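Single-letter residue listing:
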Amino acid sequence: MLKLSSDQQGGAVKPARLDPQGPLKRDPLAPHQMRDRLTPAQSVIVLCHLGVPRLEQDRWSLTIDGMVEHPRTLRFDDLMRYPKAEVVSVHQCCGSPLAPFEPTRRVCNVRWGGVRLADILADCRPSAAAQYIWSYGADFGEFSGVVVDAYVKDLPISRVEADVLIGYEMNGSALPAEHGFPARLVVPGFYGTNSVKWLTRMTLAERRAPGPFTTRWYNDPVLDGAGHETRETTPVWSIAPESLIVSPTPHETIELSAEREIWGWAWADGGIRSVYVRTDDAATWRRAELEPSRGREWQRFSMRWMPGRRGAVALASLAEAMGGLLQPISGRRNAIHDVPVNVI
Ligand SMILES: Nc1nc2c(c(=O)[nH]1)N[C@H]1C(S)=C(S)[C@@H](COP(=O)(O)O)O[C@H]1N2
Ligand SMILES: [Mo]
């Protein structure tokens, strides 16, 4: 598919070649396969809605415009003149925007290298009234019956200072094509959908971006006290508290009266303060050991378990975010998951 975007038609910028054209996904690791603290590149989740633009590093550029005193167009070499920053961060796809409450556990933990967006923006002198940054990818095409010129997301400008990057490395190597080569946005603590790949343009604005990926999709219905959907929606930005059990493996056979470690990962935007583990059907949650929150990384939890009776047991873990928000039991994308094991 070849299509000119409206602001490219008159200009010198050629549309990207997409290969493949159309969506590309990689099946995520199952929780029991997530043994590594840092997910190896070949196991990192992949989610491309429209295809994979094939860009050349020395022809790539990023334009920053909108509510800035000094609009700029940076080449890759210009990026490299800024100090390099690294962030290890949980990277999680929130799942299909058409099924916002479905748990996916499309998650990994990645080391990103790049330039702090705050450093670049400082040189553009943003207007004090700018509230959002609209980020454009080089990909275009059709998603769920809607044709777009580009994948566009937005981000509150107040978030930038913390650790938002223009990333050009993943786990110490140049970004693979499917992960956004040569440069992408990385918004640590926000769901993956916000980290725009094949970044070509950033526009500062007073309001949210108008495209379908910011207005139609990726806005969760707000639930009322009884759990019913209201008319209000909230953008899919911050990662909600979540945890998963890596070991034991589903359907593992466990020996009675032999001590066993249950362990896994927990994460949330802002970090996790407690994880609870359930080892019986009586819904008793016991507090697990939890490593302290370090930056944006996922946190390891563990608990010693001495199975006291034979039979089927559904293990589960439940995370509590720093602010006290609990991982829900069911009905949300971050709901707890059961690991059925058999004690003999
Ligand atoms: N330009 C562009 N950026 C994108 C997407 C996309 O389709 N196009 N997909 C988003 C979604 S939904 C996710 S979960 C992450 C996945 O990043 P990854 O494929 O590098 O793991 O990229 C996000 N950035
Ligand atoms: Mo995603």
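Structure's up top.
This structure is a prediction, so every number in the text was calculated from the model and none was measured.

**Some remarks on the site of ligand 1**
Inference 1: The environment of ligand 1 is formed by 20 residues, the closest being I45, D139, H179, R184 and K197.
Inference 2: Between ligand 1 and the protein, one listed contact pairs an oxygen atom with a backbone N or O atom of L47 at 2.9 Å.
Inference 3: If ligand 1 stood free it would expose 530 Å²; the protein chains cover 100% of that surface.
Inference 4: For the shell around ligand 1, the elements supplying multiple residues, two or more each, are β3 (46-48) and β7 (85-93).
Inference 5: Counting residues per element, the shell around ligand 1 draws most heavily on β3, which supplies three residues.
Inference 6: Here the shell around ligand 1 is composed, by residue class, of nine nonpolar, seven polar and four charged.

**Things to note about the pattern of salt bridges**
Close approach of charged atoms allows side chains of opposite charge to pair.
Inference 1: Tallied over the entire structure, the rule returns 20 salt bridges.
Inference 2: R159 is the partner of D269 in a salt bridge, and the nearest nitrogen-oxygen pair spans 2.9 Å. Of this pair, D269 sits in the loop between β21 (260-267) and β22 (272-278) while R159 sits in the loop between β12 (152-156) and α3 (160-163), placing them 110 residues apart in sequence. Here the two residues D269 and R159 agree in accessibility, since each one is buried.
Inference 3: In this structure, a network of salt bridges that share partners links the residues R159, D163, D269 and R296.

**With respect to the sheet that holds strand β26 (residues 311-321)**
Inference 1: Across the sheet, which stays open at both edges, the five strands sit in the order β20-β27-β26-β22-β23 with mixed pairing between neighbours. At either end of the open sheet lies a strand with only one pairing partner, and these are β20 (253-254) and β23 (285-287).
Inference 2: Here β26 pairs with strand β27 (residues 339-343) via five bridges, running antiparallel. The partner of V313 across the bridge, within β27, is V341.

**Describing the sheet that holds β21**
Inference 1: If you trace the four strands from one edge of the open sheet to the other, you get β19-β21-β25-β24, paired in antiparallel fashion. Among the strands making up the open sheet, the edge pair consists of β19 (242-247) and β24 (289-290).
Inference 2: Sheet analysis places β24 next to strand β25 (residues 299-305), joined by two bridges and oriented antiparallel. Bridging across to β25, L290 finds its partner in F301.

**Things to note about the packing of aromatic side chains**
Each pair of aromatic rings is reported with the distance of its centres and the angle of its planes.
Inference 1: In this structure the tally under the stated criterion is eleven aromatic pairs.
Inference 2: Relative to F76, the ring of W60 has its centre 6.1 Å away and its plane inclined at 75°; by these criteria the two rings are edge-to-face. Here W60 is found in the loop between β4 (51-54) and β5 (61-66), whereas its partner F76 is found in helix α1 (residues 76-80), with 16 residues between them in sequence. Both residues of the pair, W60 and F76, count as buried.
Inference 3: The interplanar angle of 55° and the centroid separation of 4.7 Å between the aromatic rings of Y151 and F213 together place this pair among those described as tilted. Here the residue Y151 occupies a position in the loop between β11 (146-148) and β12, and F213 occupies one in helix α4 (residues 212-215), the gap between them amounting to 62 residues.

Scoring rules and cut-offs
- Residues numbered from 1 in each chain as written.
- Chains lettered and ligands numbered in written order.
- Predicted model: local features only at pLDDT ≥ 70, side-chain atom pairs only at ≥ 80, totals over all residues.
- Heavy atoms only, no water.
- Near = heavy atom within 4 Å.
- Polar contact = N/O pair within 3.5 Å; in protein donor to acceptor, adjacent residues only side chain to side chain.
- Areas by Shrake-Rupley, 256 points an atom, 1.4 Å probe, with all protein chains shown as cover.
- Helix = DSSP H or I, 4+ residues; strand = E, 2+ residues; numbered from the N terminus.
- Nonpolar A, V, L, I, M, F, W, Y, C, P; charged D, E, K, R; others polar.
- Salt bridge = Lys/Arg side-chain N within 4 Å of Asp/Glu carboxyl O.
- Buried < 20%, exposed > 50% of the residue type's maximum accessible area, 1.4 Å probe, protein only.
- Pairing = 2+ DSSP bridges.
- Phe/Tyr/Trp six-rings, centres within 6.5 Å; stacked < 30°, edge-to-face > 60°.

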